[in-house]
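Architecture at a glance
Next come the chains, spelled out residue by residue.
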Amino acid sequence: MAHFPKPAEGSWTEHYPELGTSTVDYEDSISPEFYELERKAIFNRTWLNVGRVEELPRTGSYFTKELHCAGTSVVIVRDKDGNVRGFHNICRHRGNKLVWNDFPREETSGTCRQFTCKYHGWRYDLDGSLNFVQQESEFFDLDKADFGLAPVQTEVWQGFIFVNLDPDNTTSVQDYLGELGAGIEGYPFGEMTQVYKYRANVGSNWKLFIDAFAEFYHAPVLHARQATGEESRKLQSYGYEALHYGIDGPHGMVSSWGGMSPPKDPSIVKPIERVLRSGLFGPWDRPDIEGLDKLPEGVNPARSPTWGIDSFVLFPNFMLLIWAPGWYLTYHYWPTSYHTHIFEGTLYFVPPKNATERLRQELAAVTFKEFALQDGNTLEATQSMIESRVVTQFPLGDQEILLRHLHKTARRYVADYKQTATPVDVPTGR
C-alpha cells in the first residue's frame, strides 16, 4: 500500500509517458565512444554551474575551473564594474595557461589587478583586454585590441555562476532552467555563506553517481548504519516512497519526507546527535533569517507537513538540495573519462553565531562525508560489473524515475548532436 499519493496514471513513471517502463541498458555509461560524443553534445553546449558569487567578494577576485569534460580551463573574475566575467584560461600569445600556481592542472583562486602570463609576461585587464606586450615593437602590425582573452558566455542565476561554451548559444540560463528553476527563485541562498567542501576522484561514470543521489530507494539499505539499529530496521520495513517527482525538459526533481527537526523521538538518533542537536539532515534548529517561513512555490511542491528535502537534478551535472531545517547542499559531477569523474559536495549554512552552532554544522558535514563515501565505493563496484556486459538490461522501479529520465536525456542530446554534426566530428565505434 502506497504511503503517499501517486498520479492518476498509477505511477510517477507512467505520468511521464515519454519515459516508458521497459528495462534500460547502461551502454551510455560504459562506452568510450559515447563519452566522447557526450563531451561535444552536452558539456560543450549546455549551461554548467562553476561556482557562486560569494567566491568573488571584491574587484579582482577570481577562480579557475578545470573542465576536462569540455577540453578547456576557464577563469571567472569580478571586473572593475562589479560584473562577473568568464574567459578561456589561455594566453593569446603562445597558448600558455594564463592563471595557475605550481601545478598547471590544479584549480586556483585569489585576487589581482590584472592577469599576467608566466611565460612571456603579456598582461590582461580584468575585462579581458590585452594591455601590455613585452617588447611590443618586435611584433608585426600587432593591434592589442585584437588579442584580448577569449570570452566565455557567463551568467549569474540566484547567485550561482554558470558558463556556456557554445559560442552560438542564445538561451539564457534562466530559460534553460525552466519551470523547476523558476520555482526555487527567491530561496535565501545568499544568506548561507558558511561553506564546507568535499572533493573525490570516483571510478565510475558521472551519470551513475547522479543515479545514486537522484533516488532514495537505496537509502534504508546502503545507509542503514546512519540510524540506530531499531530505527534502521523500521525504515527497511517501510521502504521508500517520494512525496513528489517533477520533470521539466532535461531537468528533474524529487521531494522527500524526513529530517524532522528535532525528531519526534530523540532516542531514534545517535547520542552525539542528541547532544549537539544535529546530524545528517543538518542542525535541528532552523536559522533566524528571512525567506524560510514562506518558501518558493517549487520547494516542497506537495506541501507535505512531513517534508524534509528537495533534490533538483539540473542537467547535465549539477544537483541542488534544499533541506527543511534551513540549509542547502550542492553536488557536481565532472567527467574525466567514460568511467571516472570528480565528485564535489558542498554544504552551505547560515554563518554560526557561536561555537555550539559551529559544532552542529561540523557534525552535519562529517556525517555527510560518511554518507557520500558509502555511495562512492558502491558505484565503483557497479561500474566494474556493468562494463563486463554480462547483463545488459536492467529494470527500474517507480522510485527510480529520475534515473530513467537522466539516461534518456543524455542519449537524446547525443542523438541530436549526431544529426547536426559533420561526419569528421562524430567518432566511430559501437
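Residues numbered from 1 in each chain as written. Predicted model: local features only at pLDDT ≥ 70, side-chain atom pairs only at ≥ 80, totals over all residues. Heavy atoms only, no water.

Our next topic: the packing of aromatic side chains. All told, the structure shown has 28 aromatic pairs when counted by the stated rule. Judged by centre distance (5.8 Å) and plane angle (75°), the ring pair of Y196 and F349 falls under edge-to-face. Taken as a pair, Y196 in strand β11 (residues 194–202) and F349 in strand β17 (residues 340–349) lie far apart in primary sequence, 153 residues in all. The buried category is assigned to Y196, whose relative accessible area is 9%. The buried category is assigned to F349, whose relative accessible area is 2%. Among the aromatic residues, those joined into a cluster by ring pairs are W157, F160, F162, Y187, F189, F318, Y328 and Y348. A cation over a ring is seen here: R52 above F160, with NZ or CZ 4.4 Å from the ring centre. Between K118 and the ring centre of W100, over which it is positioned, the NZ or CZ distance is 5.2 Å. (Phe/Tyr/Trp six-rings, centres within 6.5 Å; stacked < 30°, edge-to-face > 60°. Helix = DSSP H or I, 4+ residues; strand = E, 2+ residues; numbered from the N terminus. Buried < 20%, exposed > 50% of the residue type's maximum accessible area, 1.4 Å probe, protein only. Lys NZ or Arg CZ within 6 Å of the ring centre and 35° of its normal.)

Assigned domains of the chain: these are domain 1 (12–43 + 182–420) and domain 2 (52–170). Centre-to-centre separation of domain 1 and domain 2, based on C-alpha positions: 32 Å. The interface is formed by 21 residues belonging to domain 1 together with 15 residues belonging to domain 2. At the boundary of domain 1 with domain 2, the tally comes to three salt bridges. Seen at the junction of domain 1 and domain 2, the total is seven residue pairs in polar contact (both at pLDDT 80 or more). Secondary structure elements with two or more residues in the side of domain 1 that touches domain 2: α2 (32–43), β11, β15 (318–323), β16 (327–337) and β17. No other element matches the five residues that β16 contributes to the side of domain 1 that touches domain 2. (Domains from an automatic or database assignment. Contact = heavy atoms within 4.5 Å. Salt bridge = Lys/Arg side-chain N within 4 Å of Asp/Glu carboxyl O. Polar contact = N/O pair within 3.5 Å; in protein donor to acceptor, adjacent residues only side chain to side chain.)

This part is about the nonpolar core. The tendency in soluble globular proteins is for nonpolar side chains to be buried side by side. If you look at the biggest cluster of nonpolar residues, it comprises 101 residues, and the most contacted ones within it are I76, F213, Y331, Y333 and F343. If you tally residues by element for this core, the top one is helix α9 (residues 401–420), at eight residues. Looking at this core, you find at least three residues from each of domain 1 (12–43 + 182–420) and domain 2 (52–170). Core analysis: the next-biggest nonpolar cluster, separate from the first, contains 16 residues, Y62, V77, W122 and L149 among them. (Core = buried A, V, L, I, M, F, W, Y, C linked by side-chain atoms within 4.5 Å.)

Okay, the pairing of strand β12 (residues 244–248) next. A regular strand carries its side chains on alternate faces of the sheet. Strand direction decides the pairing type here: β12 and strand β13 (residues 251–257), joined by five bridges, are antiparallel. Its bridge partner lying in β13, D248 is registered against H251. Count of turn residues in the β12/β13 antiparallel hairpin: two residues, of which G249 carries a positive phi of about 60°. (Pairing = 2+ DSSP bridges.)

Okay, helix α3 (residues 173–182) next. Restricting attention to buried positions, one finds in α3 the residues V173, Y176, L177, L180 and G181. The arc that holds the buried residues of α3, viewed along the axis, is 85°, so those residues lie on one side. With respect to the buried face of α3, the exposed residues turned more than 90 degrees away are D175 and E179. (Arc of directions from axis to C-beta.)

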